[in-house]
Amino acid sequence: MGINLPSAKGKGRRAPMAEINVTPLVDVMLVLLIIFMVTAPLMTAGVPVNLPDSRAKAVEQTQQPVTLSMDAEGRTFIDDLEVSSDNLPGELEKIAAAGAGATEPRQVMLRADRSLDYGRVNAVLGELNRAGLNRVSLISVAQ
């Protein structure tokens, strides 16, 4: 019969712990998850545009709109891809043709820099109307 009696050598020593404490890891991961959830919606604007101020309410959306951006130099972008002014009518007609079978017409979000003259923005609005894209929202910064 063997009895394991504590000896004088082993006093004060502990056996190594074989478990990993995952509580700090879970805390860090939750903080990172919250940070990414908060910052992800803020990263949608790809083209830097200085938008004008507005007091209008936000627009409710049922489908993914097409974003048409015009920067301060007058360059035009469709969903972060630069389109020359010569190719713009053809690209808009492709977008209108792709959404022709939908129940609702395709919505276009127009983001134009505040330093652009009215003529350039009006020309793009005319091209949108000619292509049949009549649901246009002008994007501005809410106050």
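The preceding data block contains the structure.
What you see is a predicted model, and the numbers here were worked out from it, not measured in a lab.

Caption draft 1: Quick look at the packing of helix α2 (residues 88–98) against helix α3 (residues 118–131). Viewed as axis vectors pointing N to C, α2 and α3 meet at an angle of 40°, and their least axial separation amounts to 9 Å. The pairing of α2 with α3 is recorded here as oblique in orientation. In the packing of α2 onto α3, the handedness of the crossing is right-handed. Side by side, α2 and α3 meet where L88, P89, L92, E93 and A96 of the first sit next to V124, E127, L128, R130 and A131 of the second. Taken together, the residues of the contact of α2 with α3 sort by class into seven nonpolar, no polar and three charged.

Caption draft 2: Expanded view of the pairing of strand β5 (residues 107–112). The element β5 is largely enclosed, with a buried count of six among its six residues. Residues Q107, M109 and R111 line one face of β5 and the alternating positions V108, L110 and A112 line the opposite face, and both faces are buried. For strand β2 (residues 66–70) and β5, the ladder comprises five bridges, and the chain directions are parallel. Paired with L68 across the strands is L110, a residue of β5. Sheet topology places β5 next to strand β6 (residues 135–138); four bridges connect them, and they run parallel. Bridge pairing in β6 links L110 to L138.

Caption draft 3: Geometry of the pairing of β2. Of all the five residues making up β2, four are buried; the element is thus mostly covered by neighbouring parts of the structure. Two elements, β2 and strand β3 (residues 76–78), share three bridges in a ladder whose sense is antiparallel. Looking at the pairing, M70 lines up with T76 of β3. In this antiparallel pair of consecutive strands, β2 and β3, the connection spans five residues, and G74 shows a positive phi of 90°.

Caption draft 4: Just the nonpolar core, in detail. Grouped together as the largest cluster of nonpolar side chains are 18 residues, with contacts concentrated most on L68, I78 and L92. Every element with two or more residues in this core is listed here: β2, α2, β5 and α3. Ignoring sequence-local partners within four residues, the contact set of L92 consists of I78, E127, L128, A131 and L133.

Caption draft 5: Seen up close, the pattern of salt bridges. Tallied over the full model, the rule gives five salt bridges. For E73, the salt bridge goes to R75, with nearest N and O atoms at 3.3 Å. Residue class for E73 comes out exposed when judged on its relative accessible area of 57%. Take R75: its relative accessible area is 35%, and that puts it in the partly exposed class. Overlapping salt bridges, with partners in common, bring together D71, E73 and R75 in one network.

Parameters at a glance
- For every chain, the first residue of its written sequence is number 1, and the numbers climb from 1 along that sequence.
- Restriction of local features to residues with pLDDT of at least 70 applies here, the model being predicted, together with a cutoff of 80 or more for giving and counting side-chain atom pairs; totals for whole chains, interfaces and linings are based on all residues.
- Side-chain numbers come from the whole structure's heavy atoms, not from hydrogens or water.
- Fitted lines through C-alpha atoms serve as axes, helices being fitted only where they are in contact, and the angles separating the N-to-C directions of these axes extend from 0 to 180 degrees.
- Every helix listed is a DSSP run of H or I at least four residues long, and every strand listed is a run of E at least two residues long, numbered separately from the N terminus.
- Should an angle lie under 35 degrees it is considered roughly parallel, over 145 roughly antiparallel, and from 65 to 115 roughly perpendicular; all remaining angles are considered oblique.
- Left-handed is the label given to a crossing in which the near helix is rotated counterclockwise from the far helix by less than a right angle, and right-handed is the label when the rotation is clockwise.
- Residue contacts are defined here by distance: any two heavy atoms, one from each residue, within 4.5 Å place the two residues in contact.
- Throughout, the ten residues Ala, Val, Leu, Ile, Met, Phe, Trp, Tyr, Cys and Pro are labelled nonpolar, Asp, Glu, Lys and Arg are labelled charged, and all others, Gly among them, are labelled polar.
- For every residue, the accessible area (1.4 Å probe, protein chains only) is compared with the maximum for its type, and the residue is labelled buried under 20%, exposed over 50%, or partly exposed between those bounds.
- One requirement defines pairing of two strands: DSSP has to find at least two bridges between them.
- Among the buried residues, those of types Ala, Val, Leu, Ile, Met, Phe, Trp, Tyr and Cys that are joined through side-chain atoms within 4.5 Å form a nonpolar core.
- One speaks of a salt bridge when a side-chain nitrogen belonging to Lys or Arg is within 4 Å of a carboxyl oxygen belonging to Asp or Glu.

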